[in-house]
Amino acid sequence: MALPRLRTVVLASSAALLTRRALKRRIARSPLWPLPALPEPISGHSKRRATAVRKLLVTGRTVVAEGVVQLRLEGPGLPPWSPGAHLDLVLPSGLVRQFSLCGDPADTGAYTVATRLVADGRGGSREVHEQLQEGLEVEVRGPRNRFPLAEAPGYVFVVGGIGITPVLPMLRALAASGAEWRLLYGGRSRASMPFLEEIEKLGADGDRVTVVAQDEAGHPDIAGALADLAPGAAVYCCGPEPLMDAVAAALPAGHPLHLERFSAATDDTARTGPFEVELHRSGRTVRVAAGQSVLAAVREEVPYVAYSCEQGFCGTCQQRVLEGEIDHRDELLTEDERGDSMLICVSRCRGERLVLDL
Ligand code: FES
């Protein structure tokens, strides 16, 4: 009698153990358990996030203008980059921020970035200024380039303040190649404008650089800078949003405009709402309030959803859209990608409802 009972006990405890393991696996696979884990998700697995992460050592920290620090980040086997590229820095708190590379692409042992302290910003620049000291290791991703220097018969750059960082390597390359270029560089004061001395030297031949410090000369003459553009000349602009809007408005037809934003585009009309977002795989529906991002609303139901910059720069939050009319508010996705996906940190809905493959 004892043997069958023992066998029953062993079988029952084995079954319980297996059930417990299966439950643990299901919970691990599905953060929304008891809703079932779904097959390999499509959303949140964009190629952009496949960028390798590496650790670099901060080996130089220099104040290059009032409120602007430049960091030299060294490491072995760094991928090459071209003017206009940026790097993602994973800051000690876990925040991820994008910084344009402003060093020399021929320097294969280090990347150089510079950032202005934004006292009332979201904390990224403060962390760089206060915590990224020499000797510290920092995680980086990239570089990636979505602001490359295009082939053109001539170039006009309109830059505001720290927006000079992606443009500086372009100017060096153009000056070295003897290309035709001009720069209108505006800032609050000369002391607050990084790399001024080098830029004035680069443009000394041919009077190519116009510096407008607001405390001396007011606002830059954008219409004047864009008058008499040579046929086919490319116009590059990087700086605060009002500057980029002014350049776009003043640009004569027939000239390509290349923009690099340092903050998310804003448009109050696009911030209107509310609307509904159905999360198809999770079987949930969230309400996006006026002024709230889709990402913020989705995170209330799906806290694990991937995101990083929250400004439409990095592509981490890209989600596939199954239904609904998307109001794209980024400048990152290609036209193809816009057909069926969106960056949920900035983009919205033109109608009442979106369905995400999430
Ligand atoms: S979180 Fe970076 S683009 Fe949305």
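Quick summary incoming for the structure in this document. Here the structure is a predicted model, which is why all the values come from computation and not from measurement.

Cut-offs used in this document
Residues numbered from 1 in each chain as written. Predicted model: local features only at pLDDT ≥ 70, side-chain atom pairs only at ≥ 80, totals over all residues. Pairing = 2+ DSSP bridges. Helix = DSSP H or I, 4+ residues; strand = E, 2+ residues; numbered from the N terminus. Axes fitted to C-alpha atoms, helices over the stretch in contact; angles between N-to-C directions. Contact = placed C-beta atoms within 7 Å. Buried ≥ 20, exposed ≤ 12 C-beta atoms within 10 Å, placed from the backbone. Core = buried A, V, L, I, M, F, W, Y, C linked by C-beta atoms within 7 Å. Domains from an automatic or database assignment.

A look at the sheet that holds strand β10 (residues 234–239)
For step 1, the next point in the chain: Strand order across the open sheet formed by five strands is β9-β8-β7-β10-β11, with parallel pairing between neighbours. Here the strands that pair on one side only, and so sit at the sheet edges, are β9 (209–213) and β11 (257–261). Between one strand and the next, the sheet's axes are offset by a mean angle of 10 degrees, whatever the strand orientation.
For step 2, the next point in the chain: Where β10 and β11 come together, five bridges link them in parallel fashion. Bridge assignment links Gly239 to a residue of β11, and that residue is Arg261.
For step 3, the next point in the chain: Where helix α7 (residues 241–250) meets the sheet, its contacts fall on β7 (155–160), β10 and β11, and the angle it forms with β10 comes to roughly 160 degrees.

Examining the sheet that holds strand β4 (residues 96–100)
For step 1, the next point in the chain: Here six strands make up an open sheet; going across it, the order is β4-β3-β6-β1-β2-β5 and the pairing antiparallel. On the outer flanks of this sheet lie β4 and β5 (110–116), each paired with one strand and no other. Strand-to-strand, the axes of this sheet are offset by a mean angle of 40 degrees, without reference to chain direction.
For step 2, the next point in the chain: Relative to strand β2 (residues 68–74), strand β1 (residues 53–65) is paired through seven bridges, and the arrangement is antiparallel. Pairing of Gly60 across the sheet is with Arg72, part of β2.

Considerations on unusual backbone geometry
For step 1, the next point in the chain: Between Gly142 and the following residue, Pro143, the backbone shows a cis peptide bond with an omega angle of 5 degrees.
For step 2, the next point in the chain: Along the chain, the position of Pro143 falls in strand β6 (residues 137–144).
For step 3, the next point in the chain: The phi torsion at Phe195 lies on the positive side, around 65 degrees, for a residue other than glycine.
For step 4, the next point in the chain: Examined against the element boundaries, Phe195 turns out to sit in the loop between β8 (181–187) and α4 (196–202).
For step 5, the next point in the chain: On the basis of neighbour counts, which here come to 20 C-beta atoms within 10 Å, the residue Phe195 falls in the buried class.
For step 6, the next point in the chain: Phi angles above zero are rare outside glycine, and Asp228 is one such case at about 55 degrees.
For step 7, the next point in the chain: Judged by C-beta crowding, with 9 C-beta atoms within 10 Å, Asp228 ranks as exposed.

Here's the deal with the environment of Pro83
For step 1, the next point in the chain: Tracing the backbone through its elements, the reader meets Pro83 in the loop between β2 and β3 (86–90).
For step 2, the next point in the chain: Of the residues examined, Pro83 has 21 C-beta atoms within 10 Å and is grouped as buried.
For step 3, the next point in the chain: Between the alpha carbons of Pro83 and Asn145 there is a distance of 8.0 Å; along the sequence they are 62 residues apart.
For step 4, the next point in the chain: Setting aside anything within four residues of it in sequence, one finds Pro83 in contact with Pro105, Leu149, Pro169, Met170 and Ala173.

Some details on the environment of Asp207
For step 1, the next point in the chain: With respect to the secondary-structure elements, Asp207 resides in the loop between α4 and β9.
For step 2, the next point in the chain: When the 8 C-beta atoms within 10 Å are taken as the criterion, Asp207 is described as exposed.
For step 3, the next point in the chain: Considered as a pair, Asp207 and Leu183 are 24 residues apart in the sequence and their alpha carbons are 9.6 Å apart.

Structural notes on the nonpolar core
For step 1, the next point in the chain: Phe157, Val158 and Val167 are the most contacted members of the largest nonpolar core, which totals 50 residues.
For step 2, the next point in the chain: Counting residues per element, this core draws most heavily on helix α3 (residues 164–177), at six residues.
For step 3, the next point in the chain: Among the domains, domain 1 (52–143) and domain 2 (155–261) are the pair contributing at least three residues each to this core.
For step 4, the next point in the chain: Every residue in contact with Val158, bar those within four places of it in the chain, is listed here: Leu184, Ile222, Ala225, Cys237, Leu243 and Val247.
For step 5, the next point in the chain: Val305, Val321, Cys349 and Leu356 belong to the second largest nonpolar core, which has 22 residues in total.

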